[in-house]
Amino acid sequence: MENYFSAIETAPRGEIAALQCYRLIQTVRRVYENVPFYKKKFDEMGLKPEDVRSLDDLRRLPFTYKQDLRDNYPYGLFAVPQAKLARIHASSGTTGKQTVVGYTRSDLKIWGEITARALSAAGVTPEDFVHISYGYGLFTGGLGLHEGATTLGASVIPVSTGNTKRQIQIMQDFSSNCLCCTPSYAMHIAETMRQLGVDPDSLKLRAGIFGAEPWTEAMRRRIEEMMHIRAYDIYGMSELMGPGVAYECSAQHGMHINEDHFIVEVIDPETGEPVPDGEKGELVFTCISKEALPLIRYRTRDISAVTREKCACGRTFLRMKKPQGRTDDMLIIRGVNVFPSQVESVLLGFDFVTPNYQITVSREGALDSVRIDVEMAPGVAFDTVREVEQHARTLRGAIEQVLNIAATVRLVPPGTLERSEGKAKRVIDTRNLLD
Ligand code: DLL
């Protein structure tokens with residue numbers, strides 16, 4: 001039995017489109033009247049808010065880039081006076097100034113609704129304890145899922161990140177049913193449970209809601225096997241709202257986009273032109289119900305594809321594939337485009353390693369060189385150095401075959417690589433420093 005949280009999740013496509021069109025028209029008018037940045041852009045393009053009458057007119061609107069948020073730091077793109085603001089969050093941005101995002105009370109309510117849909121789709125009910133190990137604070141993960149669990153009527157255990165042994169103790173003592181954190185942290189919790197000899201079946205955990213970073217199907221299977229749960233993906237970004245822009249259902253086959261609040265486009269990042277359904281491109285979102293920060297055609301830099309095919313779960317919202325990475329995460333190694341997630345999926349094909357890996361790219365002379373450190377699986381003992389080397393060569397061969405890049409592979413003992421409680425740092429690229 002599917003747990004729908006809102007009627008709109010299964011509404012006929014025509015109804016969703018009509019709602020989107022109505023909300024788009026309202027939003028365009030609001031940003032024109034309240035955000036000088038958009039008024040200027042529209043005026044420069046000779047575009048009047050009245051020109052936007054249908055969903056097809058969306059394409060006439062200008063794109064918004066992360067740089068626009070930076071240029072208008074901190075509050076320049078807000079569409080409401082300060083008295084209407086209820087909350088501020090900020091992106092976890094590792095480069096440049098962080099971007100500041102705002103919410104009105106209505107925005108927070110909608111955020112709670114869309115994350116409640118995600119929890120509900122993962123089978124969470126008001127009878128459950130939702131254990132939140134995403135960071136609380138300016139990062140949207142903790143408080144975003146918190147809003148959702150509260151809206152759903154579940155009991156929130158707001159643990160935040162850190163102290164993994166304590167997390168496990170809390171799961172045991174407080175009967176946590178659903179764990180929310182990044183997939184890399186989930187993996188770390190699972191490994192720690194194993195080290196401590198905690199039997200996953202002694203816990204009440206049934207589901208995990210993992211997102212905020214790319215992760216592969218293979219990683220999902222590992223976490224599910226190690227924790228004896230079902231692991232669901234959730235997508236979002238601070239600029240648009242936070243977690244809950246899209247969420248996975250029981251079919252675990254793509255994430256449903258909350259189309260009553262966001263219109264998605266998939267474009268060729270070079271030309272800005274739309275790409276057909278099913279083909280990879282950059283995701284672009286328009287917020288159609290946000291009050292405080294309604295972004296128009298926001299360029300996410302995330303690479304994914306959408307499908308309008310019917311989903312087994314009965315939801316009619318279209319689905320996006322797991323993002324493969326970001327246009328700015330993509331490594332170009334000797335001219336070959338490589339996403340860290342591709343490396344992950346190759347590694348996970350071998351059971352003598354764990355999904356803990358780090359890619360170091362450096363430049364020696366004019367040549368890029370790549371080293372991949374991978375942790376061996378605990379309990380796998382190689383008798384000789386030769387054996388370790390042989391396994392490293394096997395991995396190297398697989399990587400070369402699948403990704404078309406030559407890399408040095410180093411097998412390191414379990415627990416050697418740094419663990420992250422939030423988003424994992426998979427790539428160290430020292431090339432720019434040497435340039
Ligand atoms: O990571 C919001 C979030 C919190 C989503 C908790 C899911 C769960 P930011 O810090 O602004 O917001 O980072 C947004 O993270 O553009 C993607 O590149 C990446 N990302 C988020 N979810 C996924 C996912 C939060 N499920 C950026 N798969 C996005 C792959 C993801 N990448």
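Going by the structure above, here's the rest.
Residues numbered from 1 in each chain as written. Predicted model: local features only at pLDDT ≥ 70, side-chain atom pairs only at ≥ 80, totals over all residues. Heavy atoms only, no water.

Asks: Any chance you could explain the layout of surface pockets here in plain terms?
Replies: Over the atoms, a rolling probe the size of a water molecule traces out where space has been left empty. If you add up the space inside the second largest pocket, you get close to 440 Å³. In this structure, the second largest pocket is lined by 20 residues; those nearest its centre are Leu58, Ile263, Val264, Glu265 and Arg308. Only helix H1 (13–34) and strand E10 (262–267) provide two or more residues apiece to the lining of the second largest pocket. Sorting elements by how many residues they give to the lining of the second largest pocket places E10 first, with five residues. For the lining of the second largest pocket, the per-class residue count stands at 12 nonpolar, one polar and seven charged. (1 Å grid on protein atoms, 1.4 Å probe; cavity = no way out; pocket = protein on both sides within 12 Å on 5 of 7 lines; lining within 4 Å. Points joined across faces, edges and corners; volume = space filled by probe spheres on them. Helix = DSSP H or I, 4+ residues; strand = E, 2+ residues; numbered from the N terminus. Nonpolar A, V, L, I, M, F, W, Y, C, P; charged D, E, K, R; others polar.)

Asks: What should I look at first to understand the state of the cysteines in this one?
Replies: Throughout this description, disulfide means a covalent bond between two cysteine sulfur atoms. Under the definition given, this model contains zero disulfides. Lacking any disulfide linkage, cysteine 287 is separated from the closest cysteine sulfur, that of cysteine 21, by 17 Å. Residue cysteine 287 is classed as buried on the basis of its relative accessible area, which comes to 0%. Of the cysteine sulfurs around cysteine 313, a residue in no disulfide, the closest is that of cysteine 249, at 3.6 Å. (Disulfide = S-S within 2.5 Å. Buried < 20%, exposed > 50% of the residue type's maximum accessible area, 1.4 Å probe, protein only.)

Asks: Honestly, the environment of lysine 204 in this entry has me stumped. Any pointers?
Replies: The residue lysine 204 is located in the loop between helix H7 (183–196) and strand E6 (207–211) in this model. For lysine 204 and alanine 218, which are 14 residues apart along the polypeptide, the C-alpha to C-alpha distance reads 24 Å. Look past the residues within four positions of lysine 204 in its chain and what remains in contact with it is Ser175, Ser176 and Asn177. (Contact = heavy atoms within 4.5 Å.)

Asks: How should I be thinking about the packing of helix H4 (residues 105–121) against helix H5 (residues 140–152) in this particular structure?
Replies: When two helices pack together, their arrangement is given by the angle between the helix axes and the distance between those axes. At their nearest, the axes of H4 and H5 sit 7 Å apart, and the two run at 80° to each other. With respect to H5, the axis of H4 lies roughly perpendicular. Residues Leu108, Trp111, Gly112, Glu113, Thr115, Ala116, Leu119 and Ser120 of H4 form the contact with H5, whose participating residues are Thr140, Leu143, Gly144, Leu145, Glu147, Gly148, Ala149, Thr151 and Leu152. Across the contact of H4 with H5, the residue classes tally to eight nonpolar, seven polar and two charged. (Axes fitted to C-alpha atoms, helices over the stretch in contact; angles between N-to-C directions. Parallel < 35°, antiparallel > 145°, perpendicular 65-115°, else oblique.)

Asks: Help me out: how do you make sense of the nonpolar core in this one?
Replies: The tendency in soluble globular proteins is for nonpolar side chains to be buried as a group. Core analysis: the largest hydrophobic core is formed by 46 residues, its most contacted members being Leu61, Tyr235 and Phe285. Residues in contact with tyrosine 235, not counting those within four places in the same chain, are Gly242, Pro243, Gly244, Val245, Ala246, Met255, Leu283, Phe285, Thr300, Asp302, Met320 and Pro323. Listed in part, the 27 residues of the second largest apolar core include Ala118, Ile132, Ala154 and Cys180. (Core = buried A, V, L, I, M, F, W, Y, C linked by side-chain atoms within 4.5 Å.)

Asks: Mind showing me how you'd approach the site of the ligand here?
Replies: Around the ligand sit 21 residues in total, of which Asp233, Ile234, Ser238, Asp302 and Lys423 are the nearest. Between alanine 212 and the ligand, the recorded distance is 3.1 Å, taken from a backbone N or O atom to a nitrogen atom. Side-chain polar atom of arginine 326 to an oxygen atom of the ligand: 3.0 Å apart, as the coordinates give it. For the ligand, whose free accessible area comes to 610 Å², the fraction covered by protein is 95%. Across the shell around the ligand, the residue classes break down as nine nonpolar, six polar and six charged. (Near = heavy atom within 4 Å. Polar contact = N/O pair within 3.5 Å; in protein donor to acceptor, adjacent residues only side chain to side chain. Areas by Shrake-Rupley, 256 points an atom, 1.4 Å probe, with all protein chains shown as cover.)

Asks: What's the story with the sheet that holds strand E14 (residues 319–320) in this structure? I'm lost.
Replies: In space, the nine strands of this open sheet follow the order E4-E3-E5-E6-E7-E8-E9-E14-E13, with mixed pairing throughout. What marks the edges here is a single partner per strand, and that holds for strand E4 (155–158) and strand E13 (306–307). Judged from the three bridges that link them, strand E8 (residues 242–248) and strand E9 (residues 255–257) form a sheet pairing that is antiparallel. Bridge pairing links glutamate 248 to methionine 255 in E9. Seen against the sheet, H5 touches strand E3 (129–132), E4, strand E5 (178–181), strand E7 (230–237) and E8 and runs at an angle of roughly 60° to E8. Contacting E5, E6, E7 and E8, helix H8 (residues 217–227) runs over the sheet at an angle of about 135° to E7. (Pairing = 2+ DSSP bridges.)

Asks: Would you mind showing me how to read unusual backbone geometry here?
Replies: Most peptide bonds take the trans form, and the phi angle of most residues other than glycine is negative. With omega at -5°, the peptide bond leading from tyrosine 73 into proline 74 counts as cis. Residue placement: proline 74 occurs in the loop between helix H3 (66–71) and strand E1 (85–90). Non-glycine residue alanine 212 carries a positive phi angle of around 85°. By the element assignment, alanine 212 lies in the loop between E6 and H8. Classification of alanine 212 as partly exposed rests on a relative accessible area of 31%. The phi angle at histidine 228 is positive, at roughly 55°, despite the residue not being glycine. Residue classification places histidine 228 among the partly exposed positions, given a relative accessible area of 42%.

Asks: I'm lost on the sheet that holds E10 in this one. Help?
Replies: Two modes of strand pairing occur in sheets, parallel and antiparallel, and in both the strands are linked by backbone hydrogen bonds. One open sheet accounts for four strands, arranged E10-E11-E12-E15; its pairing is antiparallel. Looking at the sheet topology across the chains shown, the edges are occupied by E10 and strand E15 (325–326). Note that strand E11 (residues 281–287) and strand E12 (residues 298–304) share four bridges and pair antiparallel. By the bridge assignment, valine 284 is partnered in E12 with arginine 299.

Asks: What is the right way to look at H7 in this model?
Replies: One full turn of an α-helix is made of 3.6 residues, so residues set three or four places apart face in the same direction. The end-to-end C-alpha distance of H7 is 20 Å, a good match for the 20 Å that 14 residues give at a rise of 1.5 Å each. Within H7, 11 of the 14 residues are buried, leaving the element largely enclosed by the surrounding structure. Where H7 is buried, its residues touch helix H6 (164–174), E5, E6, H8 and strand E18 (353–364). Just past H7, the residue glycine 197 takes up positive phi, approximately 75°. (Expected span 1.5 Å × (residues − 1).)

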